[in-house]
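# Commentary on secondary and tertiary structure
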Amino acid sequence: MRKFLVLSSLFTLLLYPETFHSIQIDGENDFSPEEAVVIDNANDSYWSSQNELDTLFLTWNAETLFIGCSYTLNNNALLIFLDTETGGIDNANGLDWYPRDVRFSGAKPDFLVALWNCDLSLGGIRKLGENTSPVSYRGVNSGSPGEKNFLEVAIPFEVLGNPQKISLTALICGGDYAGAGDVMPDDPSVRGSGSAIINIFREITIDGDGDGVPDSLIAPVDVSKTEEYKVSFPEFKSVYIRPDIAQTGPVTIHVELTDTATLTVALFTEEGRFLKNVIEGLRTDFIEYSWDIHDLDKGIYILKFYTSENRGMLKKAFVRY
Amino acid sequence: MILLILSLGEFHGWFEYQYTSPEWEYWNLYQEKNYGEMGFLYKLPGRTETYTALSFEPGKIQFKRMHLTFQGNFFSIATFKAEDRHWFDSPLLYLVSSERVRDESYGANAEGVRCDLWKRGYASGFLFSRYTVTEKAQAIIWDLKKYEGFLTWGLLYLKKDWVSSFNEVASVRIGLFKRPFELRGEIAKNLYHPDTPDSENLAGAMELRIVPLGPFIILGKAYSYGMNFRDELSNEYNSSRTDNQGKRGVYGEISYLLPRRAITITGKTYRENLNRYWYYLEAYVEFVNNISFKTCYDVTRDRFGDVWKHAFFEVVAEGKTGRLKFQYKIKDIGVKNVEYSIGQRSIFGIEGKLNLSQSMWFYTRVAFGEDQRTAWESAFFQIAYRPPVSNSEIYLEYGEPSHTDADLVNDGDIADREGITTVNRVRLILKYYF
Amino acid sequence: MLLLILSSTAYLTGMGGAISPMERPENIFINPASISKRIVHITFYRPFNIEDFYKGDLYSSFILKGVNLGFGLNATRVNRGYTRVISAIGIKYGIFGVSLSQKYESAPASKSFILNYDWNAGIRFSLRGFAFALSRERLGFGFITSGGSLSFETTPDFKKFYAGVEFIVNRVISGSAGWMNGRPAIGLYLHNPRFDIEMGFLTNSDLGETTIVSVGWRL
């Protein structure tokens with residue numbers, strides 16, 4: 001009886017490989033079909049069959065996340081963005097490493113796995129932010145430009161901040177500040193040229209029961225789903241500063257938007273030199289902010305109102321006399 | 001004896017040194033490039049010429065380029081390496097793009113043989129080219145044509161062989177000329193390509209030019225490219241040009257030179273299947289004092305159904321003391337809140353050259369862009385000195401020239417990339433020619 | 001005969017201009033030693049195209065008995081309620097110049113207006129096409145030819161600086177490109193024997209672009 005149980009559980013493990021699964025980082029694809037979390041359509045790249053995404057694999061063990069990607073690439077870059085925690089970037093144009101003309105809506109990536117022209121030594125994995133910082137990982141890419149490649153990386157969960165869920169997207173892009181030619185999961189704003197806003201991500205639940213430990217005995221495909229976020233373009237409905245010429249205050253900053261947005265109000269000198277953020281990263285669609293101007297020197301100032309979601313900004317002048 | 005032989009030939013070449021000091025290396029100066037070429041040209045009797053060039057880099061001397069040519073009254077044969085001898089006529093379909101045949105990577109790299117024959121208005125050319133750098137492949141191109149007279153015609157055959165497969169294309173073209181009319185037609189067939197079946201593999205085009213018709217210059221063209229027409233030696237029909245596959249359309253162009261004024265008005269348009277169209281209107285004015293002004297407006301509807309409008313203004317002035325070009329462009333007029341475009345933007349640019357003395361000048365290109373959200377810029381400054389006595393050039397540069405080198409504000413780098421900034425790098429380039 | 005470039009869009013043409021192209025210290029916006037002769041200049045712009053925020057300059061100079069006299073006015077009006085006017089008069093003799101300026105401010109609630117005074121002094125000389133200028137808080141030098149000029153201006157600690165080049169291609173048109181406090185600026189000028197029209201463009205990556213329009217008359 002015991003032999004049967006052992007044999008059948010072994011058999012189960014072989015037929016339905018589930019987490020925890022420790023992948024050998026050696027360039028050979030030992031992921032299982034149940035770990036193919038995103039499969040891209042063949043021949044849907046805007047840049048010919050030499051630059052085509054194929055499949056993204058993902059699995060984990062108790063401490064490490066394993067990602068594999070099969071693709072074809074020639075003289076371009078492969079980028080895999082991971083959103084693991086709150087915060088992150090929404091515009092890859094501003095990166096100091098692998099900047100690309102891609103923006104994000106719905107998920108804000110915190111990590112980037114990137115390589116150029118099938119050479120992982122020209123890329124790597126970094127944490128994203130105002131400045132990127134390299135993280136420790138193990139990785140190998142096998143294959144050469146123009147033919148089928150396989151990239152696999154192992155990242156400790158500790159480095160990723162022990163996420164409960166990971167949202168990801170993979171892209172093939174050109175050089176610095178260039179756009180994307182192929183994406184998985186598919187996103188209609190990628191058209192082979194020009195900028196793109198990615199709002200469709202593949203979301204994998206690592207820790208479904210919230211016990212602080214990655215889930216085991218599950219097939220990653222079963223806990224993956226494609227999430228499509230609304231791309232909103234919140235507009236400023238009404239913005240004013242009252243009074244806009246003040247000696248001591250109180251001064252009210254009133255902002256109304258058509259949609260909830262992440263609002264920042266920045267203060268500049270009259271020549272355009274940045275001083276500080278009066279309101280920073282506030283998620284709202286309406287605010288009447290009481291601004292304390294006691295520590296402000298007398299002079300003319302400029303307030304800039306902008307959100308991370310929309311493309312517009314508003315500028316107002318203010319005087320403290 | 002060797003000296004005698006050497007003295008019958010011509011030695012020439014150049015050396016180039018580049019020193020770079022970038023901000024990201026804390027402005028530390030380092031030698032970025034140390035390169036020289038030395039070529040020996042030897043003209044033998046019987047109109048034979050040989051040329052060999054060696055290239056010099058630290059630790060590496062290479063046999064860089066060569067040619068051996070024989071020239072007769074009606075033929076020429078050349079065997080060569082790393083030279084561009086890959087041109088072939090294809091006036092309507094552009095079936096041969098020389099950069100796709102010559103193994104282009106910082107210059108031509110292919111090795112090859114080329115023969116040309118001509119006699120009394122007829123000519124034939126044959127090229128064999130082998131790629132050595134960008135891929136393992138070879139190409140063969142052959143053409144035969146009659147190029148003079150009222151009736152002209154041509155035949156073209158090309159084949160590219162690479163590791164896994166090959167691609168063969170053949171074409172015929174014809175032309176009729178009677179001033180001011182020029183009528184041309186060209187048709188080509190993709191004989192074989194591994195990715196395409198044997199159907200819808202024809203491409204054809206026909207064109208009528210009337211130069212001039214009074215104050216007008218007129219051009220009309222009709223074209224149709226089959227879904228499965230592939231030509232790996234062309235920029236238009238290789239596998240990554242998915243936008244040209246299955247395209248059919250008409251193109252027209254009219255230029256009107258206003259009588260007695262140096263003003264030219266040009267209109268261009270095309271209409272293609274999938275409801276794609278493009279309209280372009282331009283006015284170009286020349287003033288005294290070597291000043292010219294140009295403005296144009298164009299509207300495009302692409303294969304996704306989106307409409308894009310652009311407007312452009314330019315002033316150019318030239319004089320003894322220098323040159324000045326100022327441009328202003330509004331791109332994607334009216335585009336707002338669209339996922340795949342950064343939206344309406346204005347791009348300004350200036351290019352200037354100031355002659356400081358007979359042998360020294362200052363050159364700059366500065367361009368910046370602005371849209372709803374932010375502004376970005378790229379600048380390039382250069383002081384150039386050509387000492388009058390020696391054949392040398394010295395350049396001191398700041399910034400990145402490639403951001404604005406494709407006609408300033410029309411360069412996609414500055415016009416379409418919101419995050420672009422001036423590259424903080426100083427470079428010193430020294431070149432010496434002999 | 002040296003060409004002294006004088007324009008309020010000296011944002012773009014740099015040293016040689018009586019009005020400094022750099023971020024101006026209040027009350028000291030003229031280098032009196034750079035006053036040239038017989039010109040009236042008016043400039044108008046809206047910084048970063050912000051509504052209800054206007055700036056303008058008026059500048060005029062002429063010669064009286066071998067002495068250059070200059071007068072300048074810099075006005076700012078914000079949000080239809082706040083006005084600031086800085087005026088300066090300057091005298092230049094030889095290579096030396098001195099100016100006196102005064103600031104006037106008015107805000108809606110405050111009925112009084114503030115007056116304060118400040119002074120500036122400067123020296124400017126040139127040698128074989130190279131020109132040098134020094135004034136309170138500014139140091140500049142340039143190279144001037146008939147086809148244009150190169151110029152640099154900086155604060156004595158070199159923390160802020162301006163570099164620019166002007167291209168004078170012919171009598172009708174000229175242009176300039178410059179680098180001011182980390183941002184580029186460009187300008188285009190049209191000339192007529194009596195008039196000048198100038199358009200300058202500055203950018204700031206956070207706040208956008210400013211277009212400056214300037215008109216000048218030669219007296």
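About the criteria used
Residues numbered from 1 in each chain as written. Chains lettered and ligands numbered in written order. Predicted model: local features only at pLDDT ≥ 70, side-chain atom pairs only at ≥ 80, totals over all residues. Helix = DSSP H or I, 4+ residues; strand = E, 2+ residues; numbered from the N terminus. Contact = placed C-beta atoms within 7 Å. Buried ≥ 20, exposed ≤ 12 C-beta atoms within 10 Å, placed from the backbone. Nonpolar A, V, L, I, M, F, W, Y, C, P; charged D, E, K, R; others polar. Pairing = 2+ DSSP bridges. Domains from an automatic or database assignment. Axes fitted to C-alpha atoms, helices over the stretch in contact; angles between N-to-C directions. pLDDT = per-residue confidence, 0-100. Core = buried A, V, L, I, M, F, W, Y, C linked by C-beta atoms within 7 Å.

Secondary structure summary: chain B contains three helices and 24 strands in total. Each principal axis of the C-alpha atoms in chain B carries an extent, and together these give about 70 × 55 × 50 Å. For chain B, the share of sequence-separated contacts (at least 6 apart) that also reach a separation of at least 24 residues comes to 43%.

Secondary structure assignment for chain A yields two helices and 21 strands. Expressed as lengths along the three principal axes of its C-alpha atoms, the size of chain A is roughly 85 × 50 × 30 Å. Relative to its 321 residues, chain A shows a buried fraction of 42%. Pairs at least 24 apart in sequence give 60% of the contacts found in chain A among residues at least 6 apart.

Turning our attention to the interface of chain C and chain A. On the side of chain A, 16 residues touch chain C, which itself brings 19 residues to the contact. By residue class, the composition of the side of chain C that touches chain A is 10 nonpolar, five polar and four charged.

Looking now at the pairing of strand S2 (residues 53-64) of chain C. Residue and element names in this part refer to chain C. Note: strand S1 (residues 39-45) against S2, seven bridges, orientation antiparallel. The residue bridging Ile-42 from the neighbouring strand is Leu-58, located in S2. As paired elements, S2 and strand S3 (residues 67-78) share 12 bridges and run antiparallel to each other. By the bridge assignment, Asp-57 is partnered in S3 with Asn-74. Taking the residues between adjacent antiparallel strands as the criterion, S2 and S3 are bridged by two residues, where Lys-65 takes a positive phi near 50°.

Looking now at unusual backbone geometry. Here the residue pair Arg-179 of chain B and Pro-180 of chain B is connected by a cis peptide bond, since its omega of 0° sits within 30 degrees of zero. Relative to the assigned elements, Pro-180 of chain B resides in the loop between strand S10 (166-178) and strand S11 (181-192). In this structure, Pro-212 of chain B follows Val-211 of chain B across a cis peptide bond, with omega equal to -5°. Checked against the element boundaries, Pro-212 of chain B lands in strand S12 (residues 202-213). Its identity as a non-glycine residue notwithstanding, Asp-52 of chain C has a phi of 60°, on the positive side.

Now for the domain arrangement of chain A. When the domains of chain A are assigned, the result is domain 1 (2-228) and domain 2 (236-320). Placing the centre of domain 1 of chain A and that of domain 2 of chain A at their C-alpha centroids yields a distance of 39 Å.

All names here are of chain A. Within the open sheet, the five strands sit side by side as S1-S2-S3-S10-S9. Their pairing is antiparallel. The sheet terminates laterally at strand S1 (36-39) and strand S9 (138-142), the two strands that pair on one side only. On average, each strand axis in the sheet is tilted by 10° relative to the strand beside it, whichever way the strands run. Bridge count for strand S3 (residues 64-72) against strand S10 (residues 148-156) is nine bridges, and the pairing is antiparallel. Note on S10: the bridge partner recorded for Cys-69 is Leu-151.

This part covers the confidence of the model for chain B. Any segment with low pLDDT has predicted coordinates that should not be analysed in fine detail. Scored by pLDDT, chain B comes out at a mean of 91, with 98% of its residues at no less than 70. Of the two predicted TM-score estimates for the complex, the pTM is 0.83 and the ipTM is 0.84.

The next thing to look at is the interface of chain B and chain C. Between chain B and chain C, the contact holds 28 residues from the first and 26 residues from the second. Considered class by class, the residues forming the side of chain B that touches chain C number 15 nonpolar, nine polar and four charged.

On to the nonpolar core, then. In terms of nonpolar packing, the biggest core is built from 102 residues, with Ile-67, Leu-78, Leu-79, Ile-80, Leu-112 and Ala-170 of chain A touching the most fellow members. Excluding anything up to four places from it in sequence, Leu-112 of chain A contacts Leu-79, Phe-81, Tyr-98, Ile-125, Arg-126 and Leu-128 of chain A. Listed in part, the 26 residues of the second largest apolar core include Leu-263, Leu-303 and Tyr-306 of chain A together with Ala-107 of chain C.

Residue and element names in this part refer to chain B. The pairing of strand S13 (residues 216-225) with strand S14 (residues 248-257) spans nine bridges and is antiparallel. For Tyr-223, the partnering residue across the bridge sits in S14 and is Gly-249. Here S14 folds back onto strand S15 (residues 263-272), and the loop between the two strands holds five residues, one of which, Arg-260, carries a positive phi near 65°.

Our focus in this paragraph is the environment of His-403 of chain B. Residue and element names in this part refer to chain B. Positionally, His-403 belongs in the loop between strand S23 (392-399) and helix H3 (412-416). Residue His-403 is classed as buried on the basis of its C-beta count, with 25 C-beta atoms lying within 10 Å. Between the C-alpha atoms of His-403 and Asn-28, which are 375 residues apart in sequence, the distance is 24 Å. Apart from residues no more than four positions distant in its own chain, His-403 is found in contact with Ser-378, Asp-411, Asp-413, Ile-414 and Ile-420.

With respect to the helices, strands and loops of the structure, Leu-274 of chain B is situated in the loop between S15 and strand S16 (276-287). Spatially, the C-alpha atoms of Leu-274 of chain B and Thr-20 of chain B are 50 Å apart, while their sequence positions differ by 254 residues.

This next bit is on the environment of Met-199 of chain C. All names here are of chain C. Mapped onto the secondary structure, Met-199 falls in strand S13 (residues 195-204). C-alpha of Met-199 to C-alpha of Leu-69: the two residues are 130 residues apart in sequence and 26 Å apart in space. Look past the residues within four positions of Met-199 in its chain and what remains in contact with it is Gly-187, Leu-188, Thr-211 and Val-213.

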